[in-house]
Amino acid sequence: MAEQEQNKVVSIHSGKASMYLYGSPSGYLLVDAGLKKSIKDITSVLSRLNAKPGDIKLIVITHGHSDHTGSLAEIKRLSGAPVMVHAHEAASLEAGFKDMPKGTGPLWRIMIGLASLAPKAGSFPPVKPDVVIQEDTDLAPYGFNGRAVFLPGHTAGSLGIITEDGALFCGDTLFHLIRRRYYPPFADDSEALQESWKRLLDEDIRTAYPGHGDPIDWEDFRRYYHERFSS
Ligand SMILES: [Zn+2]
Ligand SMILES: [Zn+2]
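The numbering scheme is per chain: residues are counted from 1 as the chain's sequence reads. Think of it this way: whatever chain is written first is A, whatever ligand is written first is 1, and the rest follow in order. pLDDT decides what is reported in this predicted model: residues at 70 or higher carry local features, side-chain atom pairs at 80 or more are listed and counted, and totals for whole chains, interfaces and linings draw on all residues regardless.

Okay, the overall build of the protein chain next. Numbering goes from the N terminus for both helices and strands, where a helix is a DSSP run of H or I of at least four residues and a strand is a run of E of at least two. The helix and strand inventory of the protein chain stands at seven helices and 12 strands. The quantity called the radius of gyration is restricted to C-alpha atoms. Its globule counterpart is 2.2 Å times the number of residues to the power 0.38. For 231 residues, the compact-globule estimate of 2.2 N^0.38 gives 17 Å, and the C-alpha radius of gyration of the protein chain, at 17 Å, lies within 12% of that figure. The principal-axis extents of the C-alpha atoms in the protein chain amount to approximately 45 × 40 × 30 Å. Three exposure classes are used, based on other C-beta atoms lying within 10 Å of a residue's own C-beta, which is placed from the backbone: buried for 20 or more, exposed for 12 or fewer, and partly exposed in between. Per-residue burial over the protein chain gives 44% buried out of 231 residues. C-beta atoms are first placed from the backbone for all residues, and any pair lying within 7 Å is then listed as a contact. Look at the contacts in the protein chain between residues 6 or more apart in sequence, and 64% of them connect residues 24 or more apart.

In structure tokens:
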């Protein structure tokens, strides 16, 4: 891998889902696997980088919703990379199904209710995860300077990744489809989610990369948090 690719974050946008590649001297970390059709976007970004699926050395799934796991079976097959997930999401991966989450506001609850009626809502090709973690986990053994951190709330087993150079891959723990609308429209446990946010404020972060939307300047997130939650 070219030196300029090291520690570089490459976004892969596919529909409303965002996935990320994070470079290290040994290869790429892939965060999440998008929708079922996202495999095309993953492979085309890799070829733009002059890389191949085999250059992915680890796949971390932030949580089991089908917009993060749709192309997982395919990219795992193509790359041969191990799949890491939290224990609370492992059964969903193996089943190829995870229920739609609860809306965090009345309008979203109605939208989720309607979306759940669609055939195959929440389903994806099943995958047996290789590394099932219970707590924060150092990624150095996989060749990456960072750690997977446990961020329950959006789902019971949501994970983030914090790299040594201050990138946070946060899955759906924060959203950024609309400027400064960070609160996820869906969460299984809003209290736990707010605890996870609080925890992140203690971390050394520069930029957060959400599962949906644009990168988040962390200083701006801190300001927003204090405006919204401090009395
Ligand atoms: Zn989600
Ligand atoms: Zn999502």
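On we go from here.
Before going further, it helps to examine the pairing of strand S11 (residues 207-210). We call two strands paired when DSSP finds no fewer than two bridges between them. Across four bridges, the pairing between strand S10 (residues 167-171) and S11 is parallel. In the strand pairing of S11, Ala-167 is matched with Thr-207. Between the parallel pair S10 and S11, the chain is carried across by helix H6 (residues 190-201), and the sense of this crossover is right-handed. Judged from the two bridges that link them, S11 and strand S12 (residues 216-217) form a sheet pairing that is antiparallel. If you follow Thr-207 over to S12, its bridge partner there is Asp-217. Adjacent in sequence and paired antiparallel, S11 and S12 are bridged by five residues, among which Gly-213 carries a positive phi angle near 105°. Orient the strands so they point away from the viewer; a crossover is then right-handed if the path from the first strand over the helix to the second runs clockwise.

To continue, consider unusual backbone geometry. Even without being glycine, Asp-32 reaches a positive phi, approximately 75°. Looking at where Asp-32 falls in the secondary structure, it is placed in the loop between strand S3 (27-31) and helix H1 (39-48). Non-glycine residue Arg-180 carries a positive phi angle of around 60°. If you trace the backbone, Arg-180 turns up in the loop between S10 and H6. According to the C-beta neighbour criterion, Arg-180 is exposed, with 12 such atoms within 10 Å.

Attention now goes to the sheet that holds strand S1 (residues 9-14). On the basis of which strands lie adjacent, the open sheet formed by six strands has the order S1-S2-S3-S4-S5-S6 and mixed pairing. Strands with a single pairing partner mark the edges of an open sheet, and in this sheet they are S1 and strand S6 (131-133). With strand direction ignored, the average angle separating the axes of adjacent strands in the sheet is 20°. Of the pairings in the sheet, the one linking S1 to strand S2 (residues 17-24) comprises six bridges and is antiparallel in character. Within S2, the residue paired with Val-9 across the bridge is Tyr-22. Across the face of the sheet, H1 comes into contact with S1 and S2 while running at roughly 145° to S1. Across the sheet, helix H3 (residues 72-79) lies against S3, strand S4 (56-60) and strand S5 (83-86), angled at about 155° from S4, the strand it touches most. Here the axes come from fitting lines to C-alpha atoms, over the contacting stretch only for helices, and the angles between their N-to-C directions go from 0 to 180 degrees.

Our next topic: H6. With 12 residues, H6 extends 17 Å from end C-alpha to end C-alpha; this agrees with the ideal 16 Å at 1.5 Å per step. Buried residues belonging to H6 abut S10 and helix H7 (218-229). Helix span, expected: 1.5 Å multiplied by one less than the number of residues in the helix.

This brings us to the sheet that holds strand S9 (residues 159-163). The six strands lie next to each other as S7-S8-S9-S10-S11-S12, forming an open sheet whose pairing is mixed. Every other strand in the sheet has two partners, leaving strand S7 (137-138) and S12 as the edge strands with one partner each.

What follows is about the environment of Tyr-225. Mapped onto the secondary structure, Tyr-225 falls in helix H7. On the basis of neighbour counts, which here come to 16 C-beta atoms within 10 Å, the residue Tyr-225 falls in the partly exposed class. Considering only alpha carbons, one finds Tyr-225 and Gly-64, 161 residues apart in sequence, at a separation of 27 Å.

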